[in-house]
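Structural description and commentary
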There are 2 protein chains.
Amino acid sequence: MTDLMKSFLTGIESELQKQVSRLDAPRTKEYLEMLTYHMGWTGEGAGPEATGKRVRPLLVLLTAMAASGEDQQTSQFNWQAVLPAAAAVELLHNFSLVHDDIQDHSDKRRGRPTLWVKWGMPQAINAGDGLFVISNLSLLDLAENYPAETVVKAATILQNAALELTRGQYLDISYEKRASLGAEDYWPMISGKTAALLSACCDLGALLGGADEATQEAYRSFGHFLGLAFQLQDDILGIWGNEVVTGKSTASDLVEGKKSLPVLIGLEKKGRFAARWAGGPIQLSEVEELAKLLASEGGYAQTQEMAKQMTDMAINNLRTASPQGQAGELLLNLANKLLRREA
Amino acid sequence: MTDLMKSFLTGIESELQKQVSRLDAPRTKEYLEMLTYHMGWTGEGAGPEATGKRVRPLLVLLTAMAASGEDQQTSQFNWQAVLPAAAAVELLHNFSLVHDDIQDHSDKRRGRPTLWVKWGMPQAINAGDGLFVISNLSLLDLAENYPAETVVKAATILQNAALELTRGQYLDISYEKRASLGAEDYWPMISGKTAALLSACCDLGALLGGADEATQEAYRSFGHFLGLAFQLQDDILGIWGNEVVTGKSTASDLVEGKKSLPVLIGLEKKGRFAARWAGGPIQLSEVEELAKLLASEGGYAQTQEMAKQMTDMAINNLRTASPQGQAGELLLNLANKLLRREA
């Protein structure tokens, strides 16, 4: 890892801790503890495994520096000034995870018991709400280093992404009860649940790096397609990833009943896969055979093709944005890593 | 009702509808419906009874006009420009109600089935989140008529109030499991749950009406004490209100187990009331006797005394703020009405 990435990650973690410490008061120690536990800093299993990779705040910082055209070695781009926005997107993401875990009744997150399992559903709803509020407050801290006009623009980007998140979440939950689903139901859900926030990260970075409007638009589109491509790769690995197929992991999306694109393609075919899906929860013992069946009905190839298209769109938009310097290279590296491409 | 109040209420409702209509899109009709149902506009029992009184947005508008020193008859104070902030506080309030109903497992709100009863807990959490996002977006619409610096200040006021709300909610939920509670546990909870948002309403109004800092501070304190006094009155009526005592209503706070100030005073006494409270849920048949017992142990008189003190503080701060014109009179009327005082 480069020194710059290390500095970014240290800066992000420290800004996140500063923001969450707003709850550090005598009567709300336990409330604070819920948030520091969820963020991966405290409690059983705390540590790097529990924090997640901080991909979203990294995107904000890298985009900001790459868009500023200033390389750290040669100039004075003040990336610390961007940290409140980087923390804001990570806090927004974590707010959505806390509520998601309640809505999905998930008892584990990054290998640890979820918030609602440890503190109960009412407190977990409230802790999620708290993360969202602190995300909003964090973003407003940009005012220390940016003109108010820029802060209002940044807040609008963040809130529009948040609204998209809730739209995607609404669709995801509503699909549980929908009798018939097809591939076309996938895109609006995933645009909201995954792409909107990654797009907002790049949009914010470009804004705070001082990009012109056309460049900002290119970064925004890069983030959007990066999000879609990343999700499609994730969908493929969730069914045909090595660990999943060999049964080393119980985390097959088929067992979890996740409405990923391959599954929706299979349902649309109304063939043997769709018939089995309609027959109730998938067992671990069926996973390998069912994955093969779904591939034979086109689920693998069609998703792979879409992933390729979205990846190309992401990379093309990133080229248009023309990221500069070391941060620009790191941004391309991060994108390639997320898209599991060879560099 | 005066023409000005009618105009305000019409303006508020129309701004709220405009804000919520952000979800008016083909795939999210049901999501939109959840919000319009909760806001009291659609579905079974829709109408004025279901919308609530819109006290918070009225406070924003009245404070703004009273602080501007401009009377509607004689000048041009553009109260419509303040509507996005008025809508924002009402949406924030409603976000908290939706989550509150899930957390408390309440099945009725203003006489109608709650959101989670109609659409299930996962969708209700998401709909609450959506109301909060739309609140944030609504506030940012102030930028159409106010300088960005003012918008950032307004957003900071709103988010700080939201953080207080979650602090109060955390305490309220945590008290369920606390073995020993006393009167001192009441104030931080109620400052967060009730006073913070009313204080923010007046703070926002003063800011947007162009008050100087000292006046803004007086309005903010007015809102804070108004919130506390209002809550204390509500606590008293919830136990000794006519309908409650005569058994015409089943909504006694004693039956609901609400930790109101009179109850906390009773618990602190560790007398006969506290012993009965510890013995499990209160039945409707015991309410009249138990209310008398609690009064005999000081719960009524002490709460009444606190309510009087908070009311005096509210009115004194309002005098210091020196609200002007017709809006100033209406603001005083609204305060008196909320505090159930004779005008």
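Above this text you will find the structure in question.
Residues numbered from 1 in each chain as written. Chains lettered and ligands numbered in written order. Predicted model: local features only at pLDDT ≥ 70, side-chain atom pairs only at ≥ 80, totals over all residues. Heavy atoms only, no water.

1. Regarding the relation of the copies chain B and chain A
Quick reminder of the rule: When the copies are superposed, the least-squares fit draws on C-alpha atoms of residues that have pLDDT of at least 70 in both. The contact definition used throughout considers only heavy atoms, calling two residues in contact when any of these lie within 4.5 Å.
Expressed as a screw operation, the relation of chain B to chain A combines 0.0 Å of axial shift with a rotation of 180°, fitting to an RMSD of 0.0 Å. Both copies of the chain, as the preceding transformation shows, are related through a two-fold rotation axis. Nearest to the rotation axis, the C-alpha of Ala 148 of chain B is located 2.6 Å from it, this being the minimum over chain B. A shared binding surface is used by both copies, with 98% of the interface residues of chain B retained as interface residues in chain A.

2. Description of the interface of chain B and chain A
Here is the rule: Buried area is calculated as the accessible area (1.4 Å probe) missing from two parts once they are joined, with the contributions of both summed. Here a salt bridge means any side-chain nitrogen of Lys or Arg lying within 4 Å of a carboxyl oxygen belonging to Asp or Glu. Pairs of N or O atoms are called polar contacts if they sit within 3.5 Å, as long as, within protein, a hydrogen donor faces a hydrogen acceptor (for residues adjacent in sequence, only side-chain-to-side-chain pairs).
Between chain B and chain A, the residue contacts involve 47 residues of the former and 47 residues of the latter. Contact between chain B and chain A buries roughly 4,100 Å² in total, counting both sides, with carbon and sulfur atoms accounting for 67%. In terms of surface lost to chain A, no three residues of chain B exceed Arg 27, Leu 163 and Tyr 170 of chain B, which account for 17% of the buried area on that side. Linking chain B with chain A are 2 salt bridges, by the criterion used here. Arg 27 of chain B serves as the salt-bridge partner of Asp 185 of chain A, at 3.3 Å between the closest nitrogen and oxygen. If you look at where chain B meets chain A, you find 20 residue pairs in polar contact (both at pLDDT 80 or more).

3. Describing the packing of aromatic side chains
Cut-off, in case you're wondering: When two rings of Phe, Tyr or Trp (its six-membered ring) have centres within 6.5 Å they constitute a pair, described as stacked for plane angles under 30 degrees, edge-to-face for angles over 60, and tilted for the intermediate range. The helix count covers DSSP runs of H or I at least four residues long, the strand count covers runs of E at least two residues long, and both are numbered beginning at the N terminus. Only protein chains enter the accessibility calculation, which uses a 1.4 Å probe; a residue whose area is less than 20% of its type maximum is buried, one above 50% is exposed, and one in between is partly exposed. Charge-over-ring contacts are defined here by two conditions on Lys NZ or Arg CZ: a distance within 6 Å of the ring centre and an angle within 35 degrees of the ring normal.
Summed over all chains, the structure comprises 15 aromatic pairs over all chains. Seen from their ring centres, Phe 95 of chain A and Phe 132 of chain A are 4.5 Å apart, and the 15° between their planes marks the pair as stacked. Of this pair, Phe 95 of chain A sits in helix α5 (residues 83-103) while Phe 132 of chain A sits in helix α7 (residues 121-140), placing them 37 residues apart in sequence. Here the two residues Phe 95 of chain A and Phe 132 of chain A agree in accessibility, since each one is buried. It is Arg 112 of chain B that lies over the ring of Tyr 37 of chain B; its NZ or CZ is 4.0 Å from the centre. When the ring centre of Trp 119 of chain B is taken as origin, the NZ or CZ atom of Lys 118 of chain B, which lies over that ring, is 5.7 Å away.

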